[in-house]
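Residue-level structural notes
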Amino acid sequence: MLAHDEREPLITPALPADRSGYGTVENARDAMSKFVVNNVAGESGRKLPQYIAGLAASGGALAAGTFLGWTAPTDKPLTVEGEYGFPVSDEQFSWVGSISNLGAALMCFPIGYMMKLIGRKWSMLAMVLPLVLGWLLIIFAENVAMLMVGRFFLGVGGGAFCVAAPTYTAEIAQPSIRGTLGTFFQLMVTVGILFVYAVGAGVDVQVLSIICGVIPLVFGAIFFFMPESPYYFVEKGRYSEASSSLKWLRGAQYDENAEIEDLKQADEKIKAEAIPMLVAFRQKATVRALWISLGLMFFQQLSGINAVIFYNSAIFASANGGKEMSSASIIVGGIQVVATLLASVVVDKVGRRILLLVSDLMMAVSTILLAVYFQLKQDDPAKVDDLSWLAVLAVCLFIAMFSIGYGPVPWLMVGELFANNVKAFASPIAGVFNWLLAFLVTKVFTNLKDAMGEAGVFWLFSGISLLGTVFVFLVVPETKGKSLNDIQRLLGGEKLNDEPANMPESRDERDERPSLVA
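Rules used throughout
- Residues numbered from 1 in each chain as written.
- Predicted model: local features only at pLDDT ≥ 70, side-chain atom pairs only at ≥ 80, totals over all residues.
- Heavy atoms only, no water.
- Core = buried A, V, L, I, M, F, W, Y, C linked by side-chain atoms within 4.5 Å.
- Buried < 20%, exposed > 50% of the residue type's maximum accessible area, 1.4 Å probe, protein only.
- Helix = DSSP H or I, 4+ residues; strand = E, 2+ residues; numbered from the N terminus.
- Contact = heavy atoms within 4.5 Å.
- Salt bridge = Lys/Arg side-chain N within 4 Å of Asp/Glu carboxyl O.
- Patch = residues over 30% accessible without salt bridge, like charges linked within 9 Å, V, L, I, M, F, W, Y side chains within 5 Å.
- Areas by Shrake-Rupley, 256 points an atom, 1.4 Å probe, with all protein chains shown as cover.
- Axes fitted to C-alpha atoms, helices over the stretch in contact; angles between N-to-C directions.
- Parallel < 35°, antiparallel > 145°, perpendicular 65-115°, else oblique.
- Left-handed = near helix turned anticlockwise from the far one by under 90°.
- Lys, Arg positive; Asp, Glu negative; His and termini not counted.
- Charge placed at Lys NZ, Arg CZ, Asp CG, Glu CD.
- Expected span 1.5 Å × (residues − 1).

Regarding the nonpolar core
- Judged by nonpolar contacts, the single largest core of 67 residues is most densely connected at Leu296 and Ile399.
- Contributing elements (two or more residues each) for this core: α16 (284-301), α17 (305-319), α18 (328-350), α19 (352-379), α20 (388-406), α21 (409-417), α22 (423-475) and α23 (484-491).
- Residues in contact with leucine 296, not counting those within four places in the same chain, are Leu356, Tyr406, Pro410, Met413, Phe471, Val472 and Val476.
- Within the second largest apolar cluster, 59 residues are counted, among which are Leu131, Ala165, Val199 and Val432.

Laid out in structure tokens, this is it:
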């Protein structure tokens, strides 16, 4: 969550890839490309169609990123320059920015039921409607109310994508590439934000909104030709259609029978182990998983990401001799993309706890530097004339550290901490909590700044980040290299024997892949 509403992208779980290595290549054509055909732990089939479907689904992430980043380049044109021909106060714009979070929170539970009812594919295609409607209301807005309603619809569509697209990607991908496909969504959200920053620097608000409105239409046109998740067809007992879906995803020569049997067993297991919500929350593992998930979401949203992004233009301008830098947001967006890409590469190597600890500690250092900077500026502006570079460095460091740790990792861990038989209602609770916090922080930030001053706000956020570091150190377990069964045992209080971190997944473990739909 970023300034007003360009909140740090809702980053969803990147699922660990299988590490068991490549096996024998069956024929000369397959040998030409390991990218196209692999045999991994008995896994065969073409990979290229899976990459195509995964990228197509991530078009929804690009659409979500555009609405998340839209408020950064449109703030001054609407509130100061009156570009739309009607007045928009700072208070009204804070509502325009934050109300999309309510729309996203509203969809966390319904989208799960939609995916079970009409499928993952058609649920995502249905979300094109609220996205296009939202952009149309913004493009032709004649008052603040139309802007607010438009932003609410964008939140509905974008928030639904943040649940549906990662679920679809996890279900279509084979274990050897599931981790890679899982990073597409995270990366495309940040690319969408960077896209809006870059385009918004050169066009007016209406043109920017028209361009953003075209993206969900392009997504719909492409994704219409992608297959439905085979797991959905198995859930519904439509096995011939599941077979066709797997043939599309794995290639015409792929023998899908064994995988369909695996999916049947996984579906039967989930249905057999289904338990009521109240019973689930009497289990120690579920309660602890929820406590950890909500704690991570709390410290993510109250880390100070809003304040840092809100002030980045002013800080960059100060370092530029007082002249506003149109490239400030583009630089920040670029840092987000690079750091998120780096996080996707290292998260399965160094572990979740290390990334969270380093991320939160360095964010605390960054906000302390900014608090000192604004305190000195408040006491005597002349004192900071030669320190602008330090403030710029602190902003860049903060954005990089947030994007590599506390941005993506909490969402990854939500997908890992909950057992499959409680995930359908436990994961959306974490999502709703995150979006509601996003709404609260974006809405009250301006009031908080007025009450405490710039320095006071950054001192507050630095203290929260230090508390978040302590929380991770004392409460959050390491899940790297552990099967979902082992994670549940760990949360339940059992001690696990040390195992190699990069053990290949067994078939049963692959069946238990993180998913937001049980």
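Now that the structure is up, let's keep going.
Re the pattern of salt bridges
- Under the definition given, this model contains nine salt bridges.
- For glutamate 91, the salt bridge is made with lysine 443, and the minimal N-O distance between the two is 2.7 Å. On the criterion of sequence distance, the pair formed by glutamate 91 in helix α5 (residues 90-107) and lysine 443 in helix α22 is long-range, its members being 352 residues apart.
- A salt bridge links aspartate 450 to lysine 449; the nearest nitrogen and oxygen atoms lie 3.7 Å apart.
- One connected set of salt bridges, linked through shared partners, spans Lys116, Arg120, Glu171 and Glu235.

What to know about a nonpolar patch on the surface
- A grouping of Leu361, Val365, Ile368, Val372, Trp459 and Leu466 is seen on the molecular surface, where their side chains present a nonpolar patch of about 460 Å² in accessible area.
- Those elements that provide at least two residues to the nonpolar patch are α19 and α22.
- In terms of residue count, α19 provides more of the nonpolar patch than any other element does, four residues in total.
- Within the fold, isoleucine 368 resides in helix α19.
- With a relative accessible area of 30%, isoleucine 368 lands in the partly exposed category.

As for the packing of helix α13 (residues 239-250) against helix α14 (residues 257-273)
- Orientation of α13 relative to α14, taken along the N-to-C sense of each, is 125 degrees, at an axis distance of 10 Å. Relative to α14, α13 is oriented oblique. Handedness of the crossing formed by α13 with α14: right-handed. Facing Tyr239, Ala242, Ser243, Leu246 and Arg250 of α13, the residues of α14 in contact are Glu259, Ile260 and Lys264.

Notes on the environment of methionine 297
- Here methionine 297 lies in helix α16.
- The spacing of methionine 297 and tyrosine 406 is 109 residues in sequence and 8.8 Å in space, taken between C-alpha atoms.
- Every residue in contact with methionine 297, bar those within four places of it in the chain, is listed here: Pro410, Trp411, Val414, Ala430, Phe433, Asn434 and Leu437.

Here's the deal with the environment of phenylalanine 458
- Within the element layout of this structure, phenylalanine 458 appears in helix α22.
- Exposure remark for phenylalanine 458: the relative accessible area of 0% places this residue in the buried category.
- With 151 residues separating them along the chain, phenylalanine 458 and alanine 307 place their C-alpha atoms 7.5 Å apart.

Overview of a negative patch on the surface
- A contiguous patch of negative charge on the surface is contributed by Asp379, Asp380, Asp385 and Asp386.
- Tracing the sequence through the fold places aspartate 386 in the loop between α19 and α20.

Thoughts on α20
- When the terminal C-alpha atoms of α20 are compared, their 26 Å separation across 19 residues agrees well with the 27 Å that a helix rising 1.5 Å per residue should span.
- Buried residues dominate α20, accounting for 14 of its 19 residues.

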